[in-house]
Amino acid sequence: MMNKSRVVLAGIIASLLISSALFVGLSADEAKKSKPKVQEVNKVESFKKLRRVMGIVEEYYVDELSFDEIVDKAIDGLLSNLDAHSNYLNKKKFDDLRANTDGEFGGIGITVGLKDGALTIIAPVDDTPGDKAGLKSGDVIIKVNDQSTIDMNIDDAVNLMRGAPKTKVELTIVRKGESKPLVFNIVRDIIKIDSVKVRKIEDSNFAYVRVASFDKNVTRNVASGLKQLGKIDGIVLDLRNNPGGVLDQAVDLSRLFIKSGVIVSQKGRTKQENIEYKAKGASYGDVPVVVLINGGSASASEIVAGALQDHKRAVLIGEQTFGKGSVQTVMQLDQDEGLKLTTAKYYLPSGRTIQAVGVTPDIVVYPGAAPENENSFSIKESDLKRHLQGELDKANVDKTNQQANKPEAPKDDKKLVTQSMIYQDIQLKSAIDVLKAWGVIGTFGTNKAK
């Protein structure tokens with residue numbers, strides 16, 4: 001095995017030296033023309049240094065390692081040091097990736113990423129075990145069961161949290177504003193995501209569109225839901241805690257609202273990674289739109305929000321988004337191994353990047369309930385005597401009649417965003433207020449002085 005590994009490594013180094021240009025899509029002749037000889041000499045020296053270090057590790061490291069193990073660790077270290085999303089997929093990780101995309105598995109319903117080197121919850125998925133347990137966007141996971149997440153890559157952390165339905169997983173969380181870590185014991189379940197909800201907003205012709213994640217049916221379901229509502233004077237597009245998903249769906253959703261121009265561009269080292277996605281007309285190109293975003297909005301949802309902002313098609317309300325704007329490509333090495341490599345970045349129509357920056361809202365509004373005026377006792381001096389007499393008469397009314405005349409309880413209509421729901425969410429209320437103001441400004445614009 002030892003000799004075989006040395007032969008394999010030597011073969012790899014030789015092939016890289018001979019055809020390193022082919023790896024980036026150039027012929028050997030083109031590579032010679034485009035790169036000075038000194039760079040090729042430097043490559044040879046660098047490979048020699050790598051071989052020397054690996055030989056030292058093989059001979060002197062405290063625990064005996066096979067040369068295959070050393071090679072795997074070298075590749076893993078190389079990729080993990082590029083960025084938070086690139087990594088080496090050995091047989092186990094490659095099988096896990098296939099299960100993640102093709103199979104059914106139990107989980108807790110959160111999307112995670114590395115932010116400032118810490119394993120951070122991008123967003124809990126609506127109505128999943130993680131969401132119901134109280135996990136929040138921005139929570140930092142420091143332990144999964146008894147294992148520390150420090151220096152753990154994302155895929156390994158996800159695999160620890162994933163497991164058979166009805167089994168438990170324990171997360172230890174650090175949360176901003178909390179004096180000590182929080183511990184959550186969560187029961188895994190099969191994750192089923194209701195990606196789209198379209199509702200009418202009570203007492204208005206506004207539509208509320210909630211997109212929880214971008215699966216393959218998002219645009220079709222949004223378009224169908226809006227069509228069923230009929231006449232629409234404004235749309236609140238809620239992308240809070242949306243961790244992303246299918247890029248094509250983000251582009252197609254943007255096309256419902258943007259008439260022309262670039263929606264997003266993808267740029268990498270090779271020509272095939274350079275792609276530009278454009279608008280193709282818009283069914284709702286003239287309807288005012290307000291987009292809700294927060295720290296849990298990432299990737300595809302940042303593309304939609306940023307494109308609408310750059311095209312002046314929407315007002316963005318909420319908080320700064322997560323900042324995930326890179327493209328990962330899975331490259332298969334052989335039947336059982338592969339690489340997940342960052343090959344490109346996304347750029348918004350204005351040319352700005354999302355990666356590690358995010359999208360800034362036009363109006364910053366932090367979450368919470370909207371304040372209400374609980375004391376409605378407000379009268380003019382001229383009405384004081386009459387008002388007080390009326391209040392005295394009311395005080396003499398039979399208690400039974402008072403009970404009978406109680407206000408009706410707020411409606412609980414799954415097809416309606418009610419006023420009581422709005423006042424529990426100041427970000428949503430702010431979005432609706434902007435749509436109302438938009439309508440008023442539009443009226444001023446059409447009623448010009450003659």
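What counts, and where the lines are drawn
- Throughout this description, residue numbers start from 1 for each chain and increase along the sequence as written.
- Where totals are concerned, whole chains, interfaces and linings use all residues; where local detail is concerned, this predicted model gives features only for residues with pLDDT of at least 70, and gives and counts side-chain atom pairs only at 80 or more.
- In computing side-chain properties, one takes all heavy atoms of the structure into account and sets aside hydrogens as well as water.
- Only runs of H or I of at least four residues qualify as helices and only runs of E of at least two qualify as strands under DSSP, and these elements are numbered from the N terminus.
- Each pair of strands is called paired provided DSSP finds at least two bridges between the two strands.
- Should any heavy atoms of two residues lie within 4.5 Å, those residues are counted as being in contact.
- Axis geometry follows a simple rule: fit a line to the C-alpha atoms, using only the stretch in contact for helices, then measure angles between N-to-C directions, giving values from 0 to 180 degrees.
- Patches were defined on residues exceeding 30% relative accessible area and lacking a salt bridge, with like-charge contacts within 9 Å and nonpolar side-chain contacts (Val, Leu, Ile, Met, Phe, Trp, Tyr) within 5 Å.
- Where accessible areas are quoted, they stem from the Shrake-Rupley method and a 1.4 Å probe; at the residue level, only the protein chains shown are allowed to cover.
- For this analysis, a salt bridge means a side-chain nitrogen from Lys or Arg found within 4 Å of a carboxyl oxygen belonging to Asp or Glu.
- Working definition: with a 1.4 Å probe on protein chains only, accessible area under 20% of the residue-type maximum means buried, over 50% means exposed, and in between means partly exposed.
- Definition of nonpolar core: a set of buried residues of the types Ala, Val, Leu, Ile, Met, Phe, Trp, Tyr and Cys, connected through side-chain atoms within 4.5 Å.
- Roughly parallel refers to an angle under 35 degrees, roughly antiparallel to one over 145, roughly perpendicular to one between 65 and 115, and oblique to any angle outside these ranges.
- Charged residues are taken to be Asp, Glu, Lys and Arg, nonpolar residues to be Ala, Val, Leu, Ile, Met, Phe, Trp, Tyr, Cys and Pro, and polar residues to be all remaining types, Gly included.
- By convention, the crossing between two helices is left-handed when the near helix turns anticlockwise from the far helix through less than a right angle, and right-handed when the turn is clockwise.

### With respect to the environment of Lys-91
1) Next: Relative to the helices and strands, Lys-91 is located in helix α5 (residues 91-102).
2) Next: Sequence spacing of Lys-91 and Glu-337 is 246 residues, and the spatial spacing of their C-alpha atoms is 5.2 Å.

### Quick look at the sheet that holds strand β20 (residues 416-417)
In a beta sheet, neighbouring strands pair by backbone hydrogen bonds and run either parallel or antiparallel.
1) Next: On the basis of which strands lie adjacent, the open sheet formed by seven strands has the order β19-β16-β15-β12-β11-β10-β20 and mixed pairing. The open sheet terminates on both sides in strands that have one partner only, identified here as β19 (363-364) and β20.
2) Next: As paired strands, strand β12 (residues 234-238) and strand β15 (residues 289-293) are joined by four bridges and run parallel to one another. The residue of β15 that forms the bridge with Val-236 is Val-290.
3) Next: Where helix α10 (residues 300-310) meets the sheet, it contacts β12, β15 and β16 (314-318), and its direction lies at approximately 130 degrees from that of β16.

### Observations concerning a nonpolar patch on the surface
1) Next: A cluster of nonpolar side chains, Val-53, Val-57, Tyr-61 and Val-62, forms an exposed patch at the surface whose accessible area comes to about 370 Å².
2) Next: The exposed category is assigned to Val-62, whose relative accessible area is 69%.

### As for the pattern of salt bridges
1) Next: Inspection of every chain in the model, using the stated rule, returns 14 salt bridges.
2) Next: Taken together, the shared-partner salt bridges in this structure form one network comprising Asp-126, Arg-210, Asp-238, Arg-240 and Asp-425.

### Examining the pairing of strand β18 (residues 338-347)
1) Next: By the criterion of burial, β18 is predominantly enclosed, with seven of the 10 residues buried.
2) Next: Taken together, the three bridges between strand β1 (residues 87-89) and β18 define a ladder with antiparallel strand orientation. Paired with Asn-87 across the bridge in β18 is Lys-340.
3) Next: Both strand β13 (residues 262-268) and β18 contribute to a ladder of four bridges, which runs antiparallel. Paired with Lys-267 across the strands is Lys-345, a residue of β18.
4) Next: As paired strands, strand β17 (residues 326-332) and β18 are joined by seven bridges and run antiparallel to one another. Each residue of the ladder has a partner; that of Val-327, found in β18, is Ala-344.
5) Next: Hairpin connection between β17 and β18: a loop of five residues separates the two successive antiparallel strands.

### As for the nonpolar core
1) Next: One finds Ile-235, Leu-237 and Val-291 to be the most contacted residues of the largest nonpolar core, which totals 43 residues.
2) Next: Among residues more than four places away in sequence, those in contact with Ile-235 are Ala-207, Val-209, Leu-226, Phe-257, Tyr-284, Val-287, Pro-288, Val-289, Val-290 and Leu-435.
3) Next: By size, the runner-up hydrophobic cluster in this structure holds 17 residues, among which are Met-152, Ile-154, Val-169 and Ile-173.

### Regarding the packing of helix α8 (residues 218-229) against helix α9 (residues 247-255)
1) Next: The geometry of α8 relative to α9 is characterised by a closest axis approach of 8 Å and an angle of 25 degrees between their N-to-C directions. Looking at the two axes, α8 sits roughly parallel to α9. From α8, Val-218, Thr-219 and Val-222 reach across to α9, where they touch Gln-249, Asp-252 and Leu-253.
2) Next: For the contact of α8 with α9, the class distribution of residues is three nonpolar, two polar and one charged.

### As for the packing of α9 against α10
1) Next: Interaxial distance between α9 and α10 falls to 9 Å at its minimum, and their mutual angle equals 25 degrees. One way to sum up the angle between α9 and α10 is to call them roughly parallel. Handedness of the crossing formed by α9 with α10: right-handed. Packed against α9, whose contacting residues are Leu-247, Ala-250, Leu-253 and Ser-254, the element α10 presents Ala-300, Ile-303, Val-304 and Ala-307 at the interface.
2) Next: Considered class by class, the residues forming the contact of α9 with α10 number seven nonpolar, one polar and no charged.

### Considerations on the environment of Val-112
1) Next: Structurally, Val-112 is set in strand β3 (residues 110-115).
2) Next: Classification of Val-112 by relative accessible area gives buried; the value is 11%.
3) Next: The spatial distance from the C-alpha of Val-112 to the C-alpha of Gly-296 is 9.7 Å, given a sequence separation of 184 residues.
4) Next: For Val-112, the contacting residues outside a window of four places in its chain are Leu-119, Thr-120, Ile-121, Ile-122, Ile-141, Ile-154, Val-158 and Met-161.

Shape descriptors only; they carry no functional weight alone.
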